[in-house]
Amino acid sequence: MHNAPTAQVIPGWRLLISDAGRFWAFRNHVFPFAAVRAGAESAVDADTFEEIQAVIAEQEKTARAAAFVEEVTS
């Protein structure tokens, strides 16, 4: 595995590309427990940069929704 080119950056995530060309992303800080419980994952993979962007956006959306629910119910 090697780091993704500097043009392929997603703030808050570390991107790696496997020897097979698959993208892996690892969040710099793990999600809070409520987000993990809601299904947010701090490590994801995809075939292309565009797909990894979409997967990460979905994880961040899940985490934001979990934080909102926790805030409303607290």
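By convention here, each chain's residues receive numbers from 1 onward along its written sequence. Reporting in this predicted model follows two pLDDT cut-offs: at least 70 for local features of residues, and 80 or more for side-chain atom pairs to be given and counted; totals over whole chains, interfaces and linings ignore these cut-offs and use all residues. Only heavy atoms go into the side-chain values, all of them from the structure, while hydrogens and water stay out.

(A) How the structure looks around the nonpolar core. Definition of nonpolar core: a set of buried residues of the types Ala, Val, Leu, Ile, Met, Phe, Trp, Tyr and Cys, connected through side-chain atoms within 4.5 Å. Exposure categories follow from relative accessible area, calculated using a 1.4 Å probe and restricted to protein chains: below 20% of the type maximum is buried, above 50% is exposed, and the middle band is partly exposed. One finds Ile 10, Trp 13, Leu 15, Ala 25, Ile 52 and Ile 56 to be the most contacted residues of the largest nonpolar core, which totals 17 residues. Those elements that provide at least two residues to this core are strand E2 (13-17), strand E3 (23-27), strand E4 (43-46) and helix H2 (49-73). Elements are defined by DSSP. Helices are runs of H or I of four residues or more, strands are runs of E of two residues or more, and each kind is numbered from the N terminus. It is H2 that contributes the most residues to this core, five residues altogether. Excluding its chain neighbours within four sequence positions, the residues that come into contact with Ala 25 are Trp 13, Arg 14, Leu 15, Ser 42, Ala 43, Val 44, Ile 52 and Ile 56. Throughout, a contact is declared for two residues whenever any of their heavy atoms are within 4.5 Å.

(B) Layout of the environment of Ala 57. Checked against the element boundaries, Ala 57 lands in helix H2. For the pair Ala 57 and Ala 7, spaced 50 residues apart in sequence, the C-alpha to C-alpha distance is 18 Å.

(C) Structural view of the packing of aromatic side chains. Geometry of aromatic contacts follows a simple scheme: Phe, Tyr and Trp rings, the Trp one being its six-membered ring, pair when their centres are within 6.5 Å, and the pair is stacked under 30 degrees between planes, edge-to-face over 60, tilted otherwise. In total, this model carries two aromatic pairs according to the counting rule given. Ring geometry for Phe 23 versus Phe 49: centroids 6.2 Å apart, planes at 55°, classification tilted. With Phe 23 in strand E3 and Phe 49 in helix H2, the pair connects residues that are 26 residues apart, well separated along the chain. Neither Phe 23 nor Phe 49 differs from the other in exposure class; each is buried.

(D) Representation of the sheet that holds E4 in the model. Read from one edge to the other, the open sheet built from four strands follows the order E1-E2-E3-E4, with strand pairing classed as antiparallel. On the outer flanks of this sheet lie strand E1 (2-3) and E4, each paired with one strand and no other. Two strands are counted as paired when DSSP detects at least two bridges linking them. By the bridge criterion, two bridges tie E1 to E2 in an arrangement that is antiparallel. In the sheet register, Asn 3 faces E2, and the bridge partner there is Leu 16.

(E) Quick peek at the pairing of E2. In terms of residue burial, E2 counts as a mostly covered element, since four of its five residues are buried. Sheet analysis places E2 next to E3, joined by five bridges and oriented antiparallel. Following the sheet pairing, Leu 16 is matched in E3 by Trp 24. Hairpin remark: E2 followed by E3, antiparallel, with five residues in the connecting loop; positive phi at Gly 21, about 90°.

(F) Seen up close, the environment of Asp 47. Counting through the fold element by element, Asp 47 comes out in the loop between E4 and H2. Between the alpha carbons of Asp 47 and Glu 60 there is a distance of 19 Å; along the sequence they are 13 residues apart. Excluding residues within four positions of it along the chain, Asp 47 makes contact with Gly 21, Arg 22 and Phe 23.

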